[in-house]
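What follows is each chain in one-letter form.
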Amino acid sequence: MAVNKNFVVKNGLEVNDNLLVADIDSQKVGIGTSVSSYELHVLGGIGATDLRVSGVSTLSGDVTCGDDLTVSANTQLVGIVTLSSGGSITTTGGDLWVGGDLYVADDLVYDEVTGRNFNITG
């Protein structure tokens, strides 16, 4: 059955205990929750085939990317960041700047070295 009209909700909507809640007073929508803490609050797993995020975004907890992840602007990572725990190769497209100490657990091989105050002991 097709209906060719707009669906209008005046004062809020609740569908089957916590399935879908729209609160007109707070201007928030909840899916899987009866209390929406955000403009769109989804409780449970989310599957998306094409996700675009703009603006400041905060991801907390584990974030898994199955394939390529492309970031085209500044990125700030806070906390412990593991780039390649499986023994893979991590590459950068330009210079790599380290603001603190750099620890290397295995051999370090140089092709050419240019430096100032270069001290080697051992």
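Let us look at the structure shown here. Along every chain, residues carry numbers that run from 1 in the direction the sequence is written. Per-residue local features are limited, in this predicted model, to residues with pLDDT of at least 70; the limit for side-chain atom pairs, both in listing and counting, is 80 or more; totals at the level of whole chains, interfaces and linings are taken over all residues. Heavy atoms from the whole structure form the basis of all side-chain values; hydrogens and water molecules are not counted.

Some thoughts on the pattern of salt bridges
For salt bridges, the criterion is a side-chain nitrogen of Lys or Arg within 4 Å of an Asp or Glu carboxyl oxygen. On inspection of all chains with the given rule, the structure shows one salt bridge. Among the ionic pairs, D50 bridges to R52, the shortest N-O distance being 2.7 Å. Partly exposed describes any residue whose relative accessible area lies between the buried limit of under 20% and the exposed limit of over 50%, with all areas from a 1.4 Å probe on protein chains only and scaled to the type maximum. Taking relative accessible area as the criterion, R52 reaches 70% and is therefore assigned exposed.

Topic: the environment of V109
To qualify as a helix, a DSSP run of H or I must reach at least 4 residues; to qualify as a strand, a run of E must reach at least 2; elements of each kind are numbered from the N terminus. With respect to the element layout, V109 can be found in the segment after β4 (40–42). Exposure remark for V109: the relative accessible area of 74% places this residue in the exposed category.

Some details on the pairing of strand β2 (residues 20–23)
We treat two strands as partners when DSSP finds at least two bridges between them. Bridge count between β2 and strand β3 (residues 28–31): four bridges; the pairing is antiparallel. Bridging from a neighbouring strand, D23 pairs with K28 of β3. Connecting β2 to the antiparallel partner β3 that follows it, the hairpin turn spans four residues, and Q27 within it adopts a positive phi of roughly 60°.

Overview of a nonpolar patch on the surface
Residues forming no salt bridge and having over 30% relative accessible area are the ones grouped into patches, like charges within 9 Å of each other and nonpolar side chains (Val, Leu, Ile, Met, Phe, Trp, Tyr) within 5 Å. Accessible areas in this description were obtained via Shrake-Rupley with a 1.4 Å probe; residue shielding takes into account the shown protein chains only. A grouping of L96, V98, L102, V104, L108, Y110, V113, F118 and I120 is seen on the molecular surface, where their side chains present a nonpolar patch of about 960 Å² in accessible area. By secondary structure assignment, the location of V98 is in the segment after β4.

Focus: the pairing of β3
In this sheet, β4 lies alongside β3 in parallel orientation, the contact comprising three bridges. Considered in β4, the bridge of I31 is made with V42.

What to know about the layout of surface pockets
Its volume calculated, the largest pocket comes out at about 2,600 Å³. In this analysis a 1.4 Å probe is tested at points of a 1 Å grid over the protein atoms alone, and where it fits but cannot get out there is a cavity; an open set with protein on both sides within 12 Å along at least five of seven lines is a pocket; lining residues have an atom within 4 Å of a point. If you trace the largest pocket, you find 41 residues lining it, with L59, V63, L69, V71 and L77 closest to the centre. Any residue that is not Ala, Val, Leu, Ile, Met, Phe, Trp, Tyr, Cys, Pro, Asp, Glu, Lys or Arg is counted as polar, Gly included; the first ten are nonpolar and the last four charged. Taken together, the residues of the lining of the largest pocket sort by class into 20 nonpolar, 18 polar and three charged. Grid points are joined across faces, edges and corners, and a volume is the space filled by probe spheres set on the points. There is about 210 Å³ of room inside the second largest pocket. L96, L102, Y103, V104, A105, D106, D107, L108 and Y110 together form the lining of the second largest pocket. Classifying every residue of the lining of the second largest pocket gives seven nonpolar, no polar and two charged.

Quick look at unusual backbone geometry
Even without being a glycine, Q27 presents a positive backbone phi close to 60°. Within the secondary structure, Q27 sits in the loop between β2 and β3. Since its relative accessible area comes to 56%, Q27 is described here as exposed. Unlike most non-glycine residues, N117 shows phi in positive territory, near 55°. By the element assignment, N117 lies in the segment after β4. Classification of N117 as exposed rests on a relative accessible area of 63%.

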